[in-house]
Every structure is written in C-alpha cells, then in structure tokens.
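For reference, the chains in residue letters:
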Amino acid sequence: MTAGSPLTPDICVIGAGSGGLSVAAAAALFGVPVVLIERDRMGGDCLNVGCVPSKALLAAAERAQAARGSGRFGIAAGEPQVDFAQVHDHVAGVIAAIAPNDSVERFTALGATVIKGEARFRDRNTVLVGDRVIKARRFVIATGSRPAAPPIPGLENVPFLTNETIFSLTRRPERLIVLGGGPIGVELAQAMQRLGSAVTIVEAESLLSREDAEAAAIMRRALLREGITIHEGMRVLRVEKSRSRVRLVAAGENGSETVIEGSHLLLATGRKPNIEELDLELAGVASDAKGVIVNRGLRTANRRIYAIGDCASGAAGGLQFTHVANYHAGLVVRNALFRLPVKAEMTAIPRVTYGAPELAAVGLSEDQARQTAGEIRIQRWPYAENDRAQAERQTEGFLKLVTNRKGRILGVTIVGARAGELIVPWCMAIQKGMSVKDMAGLVFPYPTFSEVSKRAAVSFYAPLAAKPGLRRLIGFLRRFG
C-alpha cells in the first residue's frame, strides 16, 4: 500500500471501550482485517473511569466497614485508619493490572490496525482520522457515553467531580454532596462514607427510582444506618461557591428552600452519548439525544454501519451497561462476519447496583408486570431464612419472584448480599422461558446464599399445602428440597 492510500478493512470499529474491543478482538481472531480507532485511552470508560475503578474503590470501602463490624464475630478491630492516598494507589493498581488486556500492543499483536485520533465520517462509506482514510465494508460505532451535567444555574462557576475525575483524588473529601440517587450515585456515596467522608445524597425523585420500591427501601435504610444524609424529591435551584465550600440551594415539594453545604460536589445525574464529532449526517446515520438510532439488529439508517453500547439508541439501545455493550458486540460479529440473522432481546438483561446490600434485577418488576402481564403471582423469600446468611450475619434483604399464574418466570429482584451473582440463573430462566418448577427442581449446594432462589421457587407451590395429602410434601420440600 502506498503512502496516503486508503485503508480497506472488512470492519472499522470506532471506539476502544468494552464493546468496540470485543468486536475488534473477535474479528482479528477470525483473521478478518479490522481497523480500531480510539481518540483517548484504550479500554474506554469501563476500565479507566467506570466499572473497574469503582469496584476497586468499593472493595476498599468494604474492608473498612468489615473492620467496624468485626465485633459481632468476637474480633476487636475498632475504627479503621484510612489512608486515602493508598486507596487511590490501590485503585490505580487494579486499572494497571487489567490495562494490558486492552492495550494497543495486544490488539496490534492480534492483527488489528490501531489508530489513535478523532474519527469522523466523510460520506456513507468513508471515515477520516486526521489524514488517514478508511474505507471499510462495515463500520461499528462504539464511542460510549460521558457524564451529563444538568442545567443548574451557577453550576458552571463551581468545580465539581464526576466518575471521570473522582478516582484521581488522593485526598479524601471532607463533606461530599452527591447529586443523583441512581446506581452510580448510591455506589460512590456509600463507598466514600465508609472511607471517612460525610456524604449527602440529593435526588430529584426517589432513591433508585427505577428499581422495585421495596428493594430500594432496603438500600435506603442501609445508607441511612451508615450515616449518609438523603434528600429525596429535592429540585436544585442553584449552586453557589462560598469560599472553599460548595452550596446547593434546593426546594422540596412544598417549595421551601433547603441549603446544603459541602467541600466537594459529585455529579451522578445521567450520561450522554459521545457522537457529536462523528458527522453522522454525512454518513446517512440518524441520531437523537440518546444516541445513534438502531434497529433490533443494531443497524443504523445506513445498513453498512452498526452502533453498539452506550451510544446506541432506539430498539436495541438505552441500557448503558458494559455487559450490554459486550452482548451487542457478539450480535454484530455474528451478523457482520458470518451473515447470521440477529435480533437484540433485551428482556433478560440484568442490572445491578453494587451497594451493600447489592440490588439486582432482571425481567419485569412487580409494578411492570401488574400493568402488562395480566394475572400474576408474587413470591418472596427473606435472607433471614437462609442459613448461610445467618452464619455471615448478612440477613438483610429478600428475593422477589414475579410469575404468571401458571408459574412462568417474568422477573426477579434480589436485594441482599451477593445479589449480583445470584441473579445469573434467573437471567437464563427468563431468556429460555422457564417456569418455577425448573428452578425448584435444581439441587443447590448447602449452605449457600443461592438457596434463596430455590426457596422462592418452591414457595410458588405453597397454596397446594391446603390440599389433603400435600401438606407433608410441601413441608418436606421447604426444608430439604
């Protein structure tokens, strides 16, 4: 190829976050020529400022909280001494340990051509990166998203943190105001409180408003018990700077104003797609405020171009999770490389808030099922009835199972220890259209937290206990099944 000649790969991937890397790696491993373009850091948001550093921070916070609660086990530890600079180093070390898997060197070794720079479409078939020209058979937009700052008067004059900056702190915030009570806000608020900050959450609606209200109430109680101040139903009127402090002026439903002061402000109020620089209109690609509009096959209005992950909108978009980006990537690989028909099925996608306790859900919530599924049945099983939970003194929480009247599984919400792990078999159950009898018939190891799943499934048959001859069988199943 002569200097200045266009690159002509089979696939050009724009964005080296989780989804883009998955597409590029699969294409390269199958020997398909692929160009991977990234304007910033390899690994994207998840590795550098999202999932990985946040879970590393949560792990440090969990150790601190475990020390505070060790007296229940007969072990005296007392209040832990938190060196926040070392916590920062721990987080940075975790990122550094994973980074080689997402590096330019690894993907170059796999056979991909990696280009650093800003990509933009020149026409329906061409992408430019500086003076590099790429004419690919297929393009995959995987540019992710970034924190969205709400239009609050005065915010532009006040320094604030987001998930892109909070992990670079080497000194602990004295008083942290978290604006937003969704999963990101809740996770970081609890972590920082456990590491010694005084934290206040300000939420315009209710805490974890998209989750089951009973499960969110368990989380709310846990946060309050740990000392976090929570203001719900509060609309922020303006933000002010007072010397070295940040001041929020907010109003509740009755209109009365409340002043909240802190040393630092963290925004956790949503995200917006990274698509402004792509010149999508030149490629014949439609978009909206939520991202690139795709159909269930993840194709855009230009059938040669796909969009996946956080930047995708429309029939298959809207869920901004790393595991969704990876799911999208797998579908695109099957369609673009092997011409297999694909259709994104979003009903069995799990979501997890990694607080303490964790809150995980998949499928329909109770409210959604009551609105759309006709006659339903609800089963609950408390963690307090689980022997392993009692042994580890993690008895707060429950599993809620939503089924139709015949027992087909419609949705599950779990709030409690290890909920993010326990939700997995329920994802398969919903994806495969399974019923409670399938879960009730499984043999679960004893003693494990996973038994709450079996107990909830078995409880579906509890009404049969009223029938002659079955009471003894139901009792046996509940205890030994």
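One can find the structure itself at the top, above this paragraph.
Residues numbered from 1 in each chain as written. Predicted model: local features only at pLDDT ≥ 70, side-chain atom pairs only at ≥ 80, totals over all residues. Heavy atoms only, no water.

Moving on: the nonpolar core. Counting residues in hydrophobic clusters, the biggest one holds 59 residues, and the most contacted among them are I37 and I134. In contact with I37, other than residues within four places in its own chain, are C12, V13, I14, G15, A16, I115, G117, A119, V127, V129 and I134. Within the second largest apolar cluster, 39 residues are counted, among which are F84, I166, F167 and L223. (Core = buried A, V, L, I, M, F, W, Y, C linked by side-chain atoms within 4.5 Å. Buried < 20%, exposed > 50% of the residue type's maximum accessible area, 1.4 Å probe, protein only. Contact = heavy atoms within 4.5 Å.)

For the structure shown, the criterion picks out one cavity of 30 Å³ or more. In terms of residue count, helix α4 (residues 84–98) provides more of the lining of the largest cavity than any other element does, four residues in total. (1 Å grid on protein atoms, 1.4 Å probe; cavity = no way out; pocket = protein on both sides within 12 Å on 5 of 7 lines; lining within 4 Å. Points joined across faces, edges and corners; volume = space filled by probe spheres on them. Helix = DSSP H or I, 4+ residues; strand = E, 2+ residues; numbered from the N terminus.)

By volume, the second largest pocket amounts to about 1000 Å³. E62, R194, A356, P357 and Q394 are the residues nearest the centre of the second largest pocket, which is lined by 32 residues in total. For the lining of the second largest pocket, the element with the most residues is helix α3 (residues 51–68), which contributes eight residues.

Two modes of strand pairing occur in sheets, parallel and antiparallel, and in both the strands are linked by backbone hydrogen bonds. Read from one edge of the open sheet, three strands run β17-β18-β20, paired in mixed fashion. Each having just a single partner strand, β17 (287–288) and β20 (312–314) make up the two edges of the open sheet. Looking at chain direction, strand β18 (residues 291–294) and β20 are connected through three bridges and run parallel. Within the sheet, the bridge partner assigned to V294 lies in β20 and is G314. (Pairing = 2+ DSSP bridges.)

Looking now at the pairing of strand β24 (residues 398–404). Taken across its seven residues, β24 has seven buried, putting it largely inside the fold. Sheet topology places strand β23 (residues 376–382) next to β24; seven bridges connect them, and they run antiparallel. Within β24, the position partnered with R377 by the bridge is T403. Where β24 lies against strand β25 (residues 409–416), six bridges are found, and the strand directions are antiparallel. In the sheet register, T403 faces β25, and the bridge partner there is I409.

Our focus in this paragraph is the packing of α3 against α4. Axis separation between α3 and α4 bottoms out at 9 Å; the angle between their running directions is 140 degrees. Here α3 is positioned oblique relative to α4, judged by the angle of their axes. For the pair α3 and α4, the sense of crossing is right-handed. Counting all contacts with α3, which are made through V52, P53, A56, L57 and A60, the residues of α4 involved are V87, H90, V91, V94, I95 and I98. Taken together, the residues of the contact of α3 with α4 break down into 10 nonpolar, one polar and no charged. (Axes fitted to C-alpha atoms, helices over the stretch in contact; angles between N-to-C directions. Parallel < 35°, antiparallel > 145°, perpendicular 65-115°, else oblique. Left-handed = near helix turned anticlockwise from the far one by under 90°. Nonpolar A, V, L, I, M, F, W, Y, C, P; charged D, E, K, R; others polar.)

Attention now moves to the pairing of strand β10 (residues 198–203). Summarising burial for β10: five of the six residues are buried, a large majority. In this structure, strand β9 (residues 175–179) lies alongside β10, joined through five bridges in parallel fashion. In the sheet register, L179 faces β10, and the bridge partner there is V202. Handedness of the crossover joining β9 and β10 through helix α6 (residues 183–194) is recorded here as right-handed. Here β10 runs beside strand β11 (residues 229–232); their pairing, made up of four bridges, is parallel. Bridging from a neighbouring strand, E203 pairs with E232 of β11. (Right-handed = clockwise from strand over helix to strand, strands pointing away.)

Moving on: the packing of aromatic side chains. By the definition in use, this model includes four aromatic pairs. Here the aromatic rings of F121 and F139 are separated by 5.5 Å at their centres, their planes lie at 70 degrees, and the arrangement is edge-to-face. Residue F121 is located in strand β4 (residues 119–123), and its partner F139 is located in strand β7 (residues 138–141); the two are separated by 18 residues in the primary sequence. When its relative accessible area of 0% is taken as the criterion, F139 is described as buried. Ring geometry for Y383 versus F449: centroids 6.0 Å apart, planes at 45 degrees, classification tilted. Here the residue Y383 occupies a position in the loop between β23 and α10 (387–391), and F449 occupies one in the loop between α13 (436–440) and α14 (451–458), the gap between them amounting to 66 residues. For the residue pair Y383 and F449, the accessibility class agrees, reading buried in each case. (Phe/Tyr/Trp six-rings, centres within 6.5 Å; stacked < 30°, edge-to-face > 60°.)

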